[in-house]
Amino acid sequence: MTNVIETRGLVKRYGDLTAVDHVDITVPQGTFFGLLGPNGAGKTTTLEMIEGIREPDEGDVRLFGEKVWPRNRAVLPRIGVQLQASAFFERLSVEEQLRCFADLYAVDHKQIDRMIEMVGLQEKRKTRTEDLSGGQKQRLSIACSLIHDPEVVFLDEPTAALDPQARRNLWDVLRAINDEGRTVVLTTHYMDEAEILCDQIAIIDRGQILTTDTPRNLITGLGSAYRILVSEGVLSDQEAAALPGVDSASLSDGTLAITTHTPSPVLAALAERDALQGLQVTGATLEDVFLTLTGREYRA
């Protein structure tokens, strides 16, 4: 599979602060790639160097095998960029905003209808951007980044500050973008979002890549125990502790909590005892991986 993005030894300094510290990233064509990290970890700076917006102090960035700096105009029409904060032309409707972007890229206006339909803004096409909700503005911003049919799309925290319904709605749009064969690079603070959408994830902290893998491999590699919750009265905590594969069992607030690293024999034993009523199984998540690698201290 062809790699569309490659960085080697990428460095960016601001005075004494090294914001990005020898970052290596490889993104194959068609991949939905997530770059995760705490506030100030270097996500946006890394993206800006890959996009050719910011000059690296050291290292090399290549898009489609070509250097992006000094600013390479040959690669610009092949990428779409949705920044953290989007600024639209004042007093223009959704349709008029997209027409402006289409004209900038010399794109046929037929593409406007396709973009409006893709991001679900058909009923808002005549609405001024200042009258759109936060989620609608984000969808319009993504449509503007796609108007010229780019091969790679960069999305910097596209669902930040959106309510749960708007976030889920935008997920459908992002999936559709990737399903069309585009490579998508996403930064986000939402672990559930990255776990559901991304094929591959890199976790960055203090400017350095800590790990890169699929969400499933990252979660499995954590080796965390599963937690099985059963309603009180189905069996005692002593009986549960004696089941094969159980690490520990405790009773609290009407719920029996069983901890195990091998859930299959435990669930089979519970089924044999007809003890599956009210059962819940929870395992590690990408958030557990993130906190394990980056720590739990608050960062402004």
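Computed from a predicted structure; not experimentally measured.

J.: Looking at this model, I keep getting lost on empty space enclosed by the protein. Mind explaining?
T.: Rolling a probe over the atoms, with the probe sized like a water molecule, indicates the empty space that remains. This model, assessed by the stated rule, comprises one cavity of 30 Å³ or more. The computed volume of the largest cavity comes to approximately 30 Å³. Forming the walls of the largest cavity are I25, V27, F33, L35, T46, L47, I50 and V185. Of all the secondary structure elements, the ones that give two or more residues to the lining of the largest cavity are strand 2 (17-28), strand 3 (32-36) and helix 1 (43-51). It is helix 1 that contributes the most residues to the lining of the largest cavity, three residues altogether. Looking at the lining of the largest cavity residue by residue, the class counts come to seven nonpolar, one polar and no charged.

J.: Help me understand the sheet that holds strand 10 (residues 208-213), please; the structure alone is not making it clear to me.
T.: The pairing of strands in a sheet happens through backbone hydrogen bonds and is either parallel or antiparallel. With mixed pairing, six strands are arranged side by side in an open sheet as 6-7-8-3-9-10. Pairing within the sheet leaves two strands with one partner each, and these edge strands are strand 6 (79-82) and strand 10. Between one strand axis and the next, the sheet turns through 15 degrees on average, direction left out of account. Here strand 3 pairs with strand 9 (residues 200-205) via four bridges, running parallel.

Scoring rules and cut-offs
- Residues numbered from 1 in each chain as written.
- Predicted model: local features only at pLDDT ≥ 70, side-chain atom pairs only at ≥ 80, totals over all residues.
- Heavy atoms only, no water.
- 1 Å grid on protein atoms, 1.4 Å probe; cavity = no way out; pocket = protein on both sides within 12 Å on 5 of 7 lines; lining within 4 Å.
- Points joined across faces, edges and corners; volume = space filled by probe spheres on them.
- Helix = DSSP H or I, 4+ residues; strand = E, 2+ residues; numbered from the N terminus.
- Nonpolar A, V, L, I, M, F, W, Y, C, P; charged D, E, K, R; others polar.
- Pairing = 2+ DSSP bridges.
- Axes fitted to C-alpha atoms, helices over the stretch in contact; angles between N-to-C directions.

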